[in-house]
Amino acid sequence: MTLTLSLAAALLGAFSAGEGGQAKAQQPQMVLSGTAIGGKPGQGPLSKAVFNHQKHEAAVGNCESCHHTGSMDACSSCHTSQGSPEGGNIQLSEAMHSAQAKASCVGCHYQETKKKQCAGCHQFIAAGPKEGSCVACHKDPKAPAPAAAKPAQPEVVTIGSISKDYQACEFNHSSHVEMLQDYAKGALAKGFHTQPDTLCQGCHHHTPAGVTPPKCGTCHGKAFQKEDPRRPGLMAAYHIQCNQCHKAMGVDSPKATDCKTCHAPKK
C-alpha cells in the first residue's frame, strides 16, 4: 500500500507526559492526513483518517501496545515519512500499515482476525492492508454513506458435483450468513465490513463486491495442476474451505472424517 501518513501539525503534541511519567491524552481523537510516499510534488493527499484515541485506549487498556518505546511522543517523531535512524529507518507508512508489527494499526487489527469468530474467513485472506479497505480509515467524515446494496442470497445451496455416488449435499447458506453477521457486530468489524456483501468474500474470494458469484466449479473445475498449484480441484476446494473454516472457528460438527454427515450414500 503506497501510503505515507503524517500527523496533522495541530495534533503533533496530542500526548504529553504527566506527573510520575503517566501518559495524559489531551485529545479524544487524532487526525491523520495521508500523502503519497515522500510527499512528492504533484501527488495530492489522501482523505484524512480520524483516529479515535479514546475508543482505542479503552479497548486496548495498555499504552505500550502502540507506544512500544514507552514514549508518548507522536509516531512521526521517530517514524518519519522518509525513515530515520531513531525509528529504525522504518517509514511512517510502514509503521502504520505493517501487518507483522503488533504496534501498527493494520498489525493490531490483524491480530483480532485470528479470533475464532473471525478466523474462518480471515485464514484464507492474506495479511496486510487491502486496497478496498483504505476508505475505511481514509474517508471524508462529512461525506454521505453510500447506499448499501442487498445482494440476493439463497436459503439453501445444493451441491451435486459427486451425485453419481452420493446424494447431493445440502448446504444451509442462510444459517451460515446469519452466523457471520452476528459475529461481525463488534465495533472493529463494523468499521471494515461496511457493505452487506463484504462477508460473502470470505468464501467467494475472487468475486468483486456486488457481483453474483459463479459456481465454484467455474474456477475449480480441473484437478490439481502443477502450473497453477494455488488453484485446487473442486473436491479439494470444497474440503479446504469447509473443513478449515470449521477448524479455525472451533466448530466440532461435522468432523472432517465423517463424510456421511454431508455426503449421504445413495441407497
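Structure: see above.
Residues numbered from 1 in each chain as written. Predicted model: local features only at pLDDT ≥ 70, side-chain atom pairs only at ≥ 80, totals over all residues. Heavy atoms only, no water.

K.L.:
Help me understand the overall build of the protein chain in this model?
P.N.:
Scanning the protein chain from terminus to terminus reveals eight helices and seven strands. Burial statistics for the protein chain: of 267 residues in total, 22% are counted as buried. Surface exposure of the protein chain reaches about 17,900 Å², of which carbon and sulfur atoms provide 56%. (Helix = DSSP H or I, 4+ residues; strand = E, 2+ residues; numbered from the N terminus. Buried < 20%, exposed > 50% of the residue type's maximum accessible area, 1.4 Å probe, protein only. Areas by Shrake-Rupley, 256 points an atom, 1.4 Å probe, with all protein chains shown as cover.)

K.L.:
What is the right way to look at a nonpolar patch on the surface in this model?
P.N.:
On the surface, Phe124, Ile125 and Ile240 cluster together into a nonpolar patch covering about 220 Å² of accessible area. Locating Phe124 in the fold gives a position in the loop between helix 4 (116–122) and helix 5 (134–137). Taking relative accessible area as the criterion, Phe124 reaches 30% and is therefore assigned partly exposed. (Patch = residues over 30% accessible without salt bridge, like charges linked within 9 Å, V, L, I, M, F, W, Y side chains within 5 Å. Salt bridge = Lys/Arg side-chain N within 4 Å of Asp/Glu carboxyl O.)

K.L.:
How should I be thinking about the nonpolar core in this particular structure?
P.N.:
It is characteristic of soluble globular proteins that their nonpolar side chains tend to be buried jointly. In terms of nonpolar packing, the biggest core is built from five residues, these being Cys121, Leu180, Ala184, Ala189 and Leu199. Once residues lying within four places of it in the same chain are set aside, the contact partners of Leu180 are Cys121 and Leu199. (Core = buried A, V, L, I, M, F, W, Y, C linked by side-chain atoms within 4.5 Å. Contact = heavy atoms within 4.5 Å.)

K.L.:
Where do I start with the state of the cysteines in this structure?
P.N.:
Counted according to the given criterion, the structure contains zero disulfides. Free cysteine: Cys63, not disulfide-bonded; nearest cysteine sulfur from Cys66 at 8.6 Å. Among the cysteines around Cys75, which has no disulfide bond, Cys105 carries the closest sulfur, lying 7.4 Å off. We classify Cys75 as partly exposed; its relative accessible area is 32%. (Disulfide = S-S within 2.5 Å.)

K.L.:
Honestly, the pattern of salt bridges in this entry has me stumped. Any pointers?
P.N.:
Where side chains of opposite charge bring their charged atoms close, a pairing between them can arise. One pass over the structure, following the stated rule, counts three salt bridges. Among the ionic pairs, Lys185 bridges to Asp182, the shortest N-O distance being 3.2 Å. Among the residues examined, Lys185 registers a relative accessible area of 54% and is labelled exposed. For Asp182, a relative accessible area of 48% corresponds to the partly exposed category. Between Asp228 and Arg231 there is a salt bridge whose closest N-O contact spans 3.5 Å.

K.L.:
In this structure, what is going on with unusual backbone geometry? I would like to understand it.
P.N.:
Glycine aside, residues mostly have negative phi, and peptide bonds are mostly found in the trans state. Phi at Asn89 takes a positive value of approximately 60°, unusual for a residue other than glycine. Position of Asn89 among the secondary structure elements: in the loop between helix 1 (53–60) and helix 2 (92–97). Classification of Asn89 by relative accessible area gives exposed; the value is 55%.

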